[in-house]
Amino acid sequence: MNIRWTVILAIITLVLLGWFYSLNQTDSELAELIKQEESPEYVGNKMNTVIYSPTGAKQYVALSDKVEYYEYDGHTDFYIPIVYLFDIQNEKTQQTESWKLSADKATLTKDNMLYLDGNVLGESLLPQSKLQRFETESAVVNLTTQDISSDKQVKINGLNFTSTGLKLTGNLQQQVATLKEQVKTHYEISKTNDETDETQNEQ
């Protein structure tokens, strides 16, 4: 009699354990289906994004291997991005691409601030630009005003000069950049058509 009750109780225990296991599995599957608050609302690959100003002019074009949009705070992550900026002073005439920006990753906030991280490179697309190129590990660009700043070591190239420093502020539209802390500048001064002279200035 005791053996029979023991077997019945064991069977009941196994059934209950199986039932609880199936409930946990169902909860786990449901949790995977439910979107987490901080997960992206939208994911796209090989994206080409064009953003226009309120007047209908192009502000920038962003190409990216992968894009993730997060609705909870309105930011967008771009992976291996290339961003083309336009001349914001000539919105009423034919627009010209003025700068090409690239990095390992970029984050665009809803207030139009672009945070570039990893192998950041900016190249002017205007041949006569006073500021031709800059390189750093991170930078922040205001896409409305084209103001730029960086708290990392920066190297900039301009017409006939190269400078390095530990911090940068400037404006890409106005083609100006100011370096701060441990600034070193090399000037290339043309002597004749065939000769150049290099001078160095440290601050």
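Heads up: the structure comes first, above all this text.
Residue numbering note: each chain is counted from 1, following its sequence as written. Confidence filtering applies because this is a predicted model: local features only for residues at pLDDT of at least 70, side-chain atom pairs given and counted only at 80 or more, and all residues used for totals across whole chains, interfaces and linings. Calculation of side-chain values draws on the structure's entire complement of heavy atoms; hydrogens and water are dropped beforehand.

Q: Help me understand the overall build of the protein, please; the structure alone is not making it clear to me.
A: Going along the chain from the N terminus, every DSSP run of H or I of four or more residues is numbered as a helix, and every run of E of two or more is numbered as a strand. Per the secondary structure count, the protein includes one helix and 15 strands. Exposed residues in this analysis have more than 50% of their type's maximum accessible area, buried residues have under 20%, and partly exposed residues fall in between, with area computed by a 1.4 Å probe over protein chains only. By residue count, 33% of the 203 residues in the protein fall in the buried class. We call two residues contacting when some pair of their heavy atoms lies within 4.5 Å. Of the contacts formed within the protein by residues at least 6 apart in sequence, a portion of 37% connects residues at least 24 apart. Carbon and sulfur atoms make up 52% of the accessible area of the protein, which totals about 13,300 Å². Here, Shrake-Rupley sampling with a 1.4 Å probe gives the accessible areas, and only protein chains in the shown set may cover a residue.

Q: Quick question: what am I supposed to make of the nonpolar core here?
A: Generally speaking, nonpolar side chains in soluble globular proteins are found buried as a group. Counting residues in each nonpolar core, the largest one holds 26 residues, and the members touching the most others are Leu85, Leu101, Leu114, Leu116, Phe134, Val141 and Leu172. If you list the elements that add at least two residues to this core, you get β2 (58-70), β4 (82-86), β5 (97-102), β6 (105-108), β7 (113-124), β8 (131-142) and β10 (154-158). Counting residues per element, this core draws most heavily on β8, which supplies four residues. Side-chain atoms within 4.5 Å link the members of a nonpolar core, which is a set of buried Ala, Val, Leu, Ile, Met, Phe, Trp, Tyr and Cys residues.

Q: Would you explain the layout of surface pockets in this entry?
A: Where empty space is left can be seen by rolling a probe of water-molecule size over the atoms. Buried and open spaces are told apart on a 1 Å grid over the protein atoms alone, a cavity being a set of points where a 1.4 Å probe fits but cannot get out and a pocket being an open set with protein on both sides within 12 Å along at least five of seven lines. Residues with an atom within 4 Å of a point are the lining residues. Grid points are joined across faces, edges and corners, and a volume is the space filled by probe spheres set on the points. Within this model, the largest pocket holds a volume of roughly 160 Å³. Lining the largest pocket we find 14 residues, and of these Ile156, Phe161, Ser163, Ala177 and Leu179 sit closest to its centre. No other element matches the four residues that strand β13 (residues 176-180) contributes to the lining of the largest pocket. The residue makeup of the lining of the largest pocket, split by class, is eight nonpolar, five polar and one charged. In this count, Pro and Cys sit with the nonpolar residues alongside Ala, Val, Leu, Ile, Met, Phe, Trp and Tyr, while Asp, Glu, Lys and Arg are called charged and the others, Gly among them, polar.

Q: Where do I start with the pattern of salt bridges in this structure?
A: Should their charged atoms come close, side chains of opposite charge can pair. The rule for a salt bridge is simple: a side-chain nitrogen of Lys or Arg has to be within 4 Å of a carboxyl oxygen of Asp or Glu. Per the counting criterion, the structure on display carries five salt bridges. Among the salt bridges present, the one from aspartate 65 reaches lysine 46, with a minimum N-O distance of 3.4 Å. Here aspartate 65 is found in strand β2, whereas its partner lysine 46 is found in strand β1 (residues 42-52), with 19 residues between them in sequence. You can call lysine 46 exposed: its relative accessible area is 65%. Here glutamate 68 makes a salt bridge to lysine 66, at a shortest N to O gap of 3.3 Å. With a relative accessible area of 10%, glutamate 68 lands in the buried category. Residue class for lysine 66 comes out partly exposed when judged on its relative accessible area of 32%.

Q: Help me understand the environment of phenylalanine 78 in this model?
A: Examined against the element boundaries, phenylalanine 78 turns out to sit in strand β3 (residues 75-79). A relative accessible area of 6% places phenylalanine 78 in the buried class. Sequence-wise, phenylalanine 78 and serine 64 are 14 residues apart; in three dimensions their C-alpha atoms are separated by 5.9 Å. Excluding residues within four positions of it along the chain, phenylalanine 78 makes contact with Thr49, Ala62, Ser64, Lys66, Val67, Asp104, Lys105, Ala106 and Leu108.

Q: Can you help me understand the side chain of serine 102 in this one?
A: You can see serine 102 is positioned in strand β5. Looking at serine 102, the relative accessible area reads 18%, which means it is buried. The residues touching serine 102, leaving out its near neighbours within four places in the chain, are Pro81, Ile82, Asn119, Val120 and Leu121.

Q: Would you mind showing me how to read the packing of aromatic side chains here?
A: Aromatic contacts are taken between Phe, Tyr and Trp rings whose centres are within 6.5 Å, Trp giving its six-membered ring; a plane angle under 30 degrees counts as stacked, one over 60 as edge-to-face, and the others as tilted. Summed over the entire model, instances satisfying the criterion amount to two aromatic pairs. For the pair tyrosine 70 and tyrosine 72, a centre-to-centre distance of 6.2 Å together with 85° between the ring planes defines the contact as edge-to-face. An angle of 45° between the planes, with centres 6.0 Å apart, marks the rings of tryptophan 99 and phenylalanine 134 as tilted. Taken together, the positions of tryptophan 99 in strand β5 and phenylalanine 134 in strand β8 put the pair 35 residues apart, joining distant regions of the chain. Judged by its relative accessible area of 1%, tryptophan 99 is buried. The exposure class assigned to phenylalanine 134 is buried, which follows from its relative accessible area of 1%. When the NZ atom of lysine or the CZ atom of arginine is within 6 Å of a ring's centre and also within 35 degrees of its normal, the charge is said to sit over that ring. When the ring centre of tyrosine 79 is taken as reference, the NZ or CZ atom of lysine 66 above it lies at 5.9 Å.

Shape descriptors only; they carry no functional weight alone.
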